[in-house]
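Close look at the chain arrangement
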Amino acid sequence: VFLSLCMSRRFYCYNRNIIFNMKFLVVFLSLAVFFQCEAKLLSRCELVQQLRSHGFPEDKMRDWVCLVENESSGRTHKIGKVNKNGSRDYGLFQINDKYWCSNTSTAGKDCNVTCADLITDDITKAAKCAKKVFKRHGFRAWYGWRNKCQGSLPDISSC
């Protein structure tokens, strides 16, 4: 009987440890998801405010808002899926790493930034780089603008 009680007690303790470990795992995974999801999501008017504060021209504001909404949905930390050529797009403006940002810890390429610089809540570097892309190629550099914004721009009159 004693051996039977010990065996059942060990089984109970073993099961308790599994339950404790499972609870720990659930908490750990929840925290990981929380911190992964803490990226800033800009509403349309928050986006307009940010773009204005970074000197984007008012006469092109609706185009920029449309571009951002269709490229990143206003998420500052968005990293796109791998493109056909192996490159990726980063941040609010989905700036491509093939020509514009460096995937190393050293700033480089045409915008002289790291791709990590483009996925922060402070959009200063991303905004400067997006303006550089625009200056060279216009809005046609972004497929989100090409496919969704020509002829149909969002209303920002309440912003």
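In the block above lies the structure referred to throughout.
Summary of the structure given here. A quick note: this is a predicted structure, and the numbers were derived from the prediction, not measured.

Things to note about the packing of aromatic side chains
Here the distance between the centres and the angle between the planes together describe a pair of aromatic rings. As enumerated under the stated definition, the model contains 8 aromatic pairs in all. Here Phe-56 and Trp-64 contribute two aromatic rings whose centre-to-centre distance is 4.8 Å and whose plane-to-plane angle is 75°, an arrangement assigned as edge-to-face. With relative accessibility at 4%, the residue Phe-56 sits in the buried group. We classify Trp-64 as buried; its relative accessible area is 2%. Seen in terms of ring centroids, Phe-139 and Trp-145 are 5.3 Å apart; in terms of plane orientation they differ by 20°. Their pairing is stacked.

Comments concerning the environment of Gly-55
With respect to the helices, strands and loops of the structure, Gly-55 is situated in the loop between helix H2 (44-53) and helix H3 (61-71). On the basis of relative accessible area, Gly-55 is assigned to the partly exposed category, the value being 49%.

Some thoughts on the environment of Arg-146
Mapped onto the elements of the fold, Arg-146 is located in helix H5 (residues 143-148). A relative accessible area of 31% places Arg-146 in the partly exposed class. In this structure, the C-alpha to C-alpha distance between Arg-146 and Asn-70, residues 76 residues apart in sequence, is 9.9 Å.

What about the packing of H2 against H3?
Packing of H2 against H3 leaves a shortest axis separation of 10 Å and a crossing angle of 120°. The orientation of H2 relative to H3 falls into the category oblique. Remark: the crossing between H2 and H3 carries right-handed chirality. Contact with H2, carried on its side by Arg-44, Leu-47, Val-48, Leu-51 and Arg-52, involves Met-61, Trp-64, Val-65, Val-68 and Glu-69 of H3 and no other residues of that element. Grouping the amino acids of the contact of H2 with H3 by side-chain chemistry returns 7 nonpolar, no polar and 3 charged.

Details of the nonpolar core
Leu-51, Trp-64, Leu-67, Phe-93, Leu-118 and Trp-142 are the most contacted members of the largest nonpolar core, which totals 33 residues. Secondary-structure elements contributing two or more residues to this core are H2, H3 and helix H4 (124-137). Looking at this core element by element, the count peaks at 6 residues for H3. For Trp-142, the contacting residues outside a window of four places in its chain are Trp-64, Leu-67, Glu-71, Phe-93, Gln-94, Ala-130, Val-133 and Phe-134.

Quick look at H3
Within H3, 8 of the 11 residues are buried, leaving the element largely enclosed by the surrounding structure. Turning to H3, its buried residues are Met-61, Asp-63, Trp-64, Val-65, Cys-66, Leu-67, Val-68 and Glu-71.

Reading guide: rules and limits
- Residues numbered from 1 in each chain as written.
- Predicted model: local features only at pLDDT ≥ 70, side-chain atom pairs only at ≥ 80, totals over all residues.
- Heavy atoms only, no water.
- Phe/Tyr/Trp six-rings, centres within 6.5 Å; stacked < 30°, edge-to-face > 60°.
- Buried < 20%, exposed > 50% of the residue type's maximum accessible area, 1.4 Å probe, protein only.
- Helix = DSSP H or I, 4+ residues; strand = E, 2+ residues; numbered from the N terminus.
- Axes fitted to C-alpha atoms, helices over the stretch in contact; angles between N-to-C directions.
- Parallel < 35°, antiparallel > 145°, perpendicular 65-115°, else oblique.
- Left-handed = near helix turned anticlockwise from the far one by under 90°.
- Contact = heavy atoms within 4.5 Å.
- Nonpolar A, V, L, I, M, F, W, Y, C, P; charged D, E, K, R; others polar.
- Core = buried A, V, L, I, M, F, W, Y, C linked by side-chain atoms within 4.5 Å.

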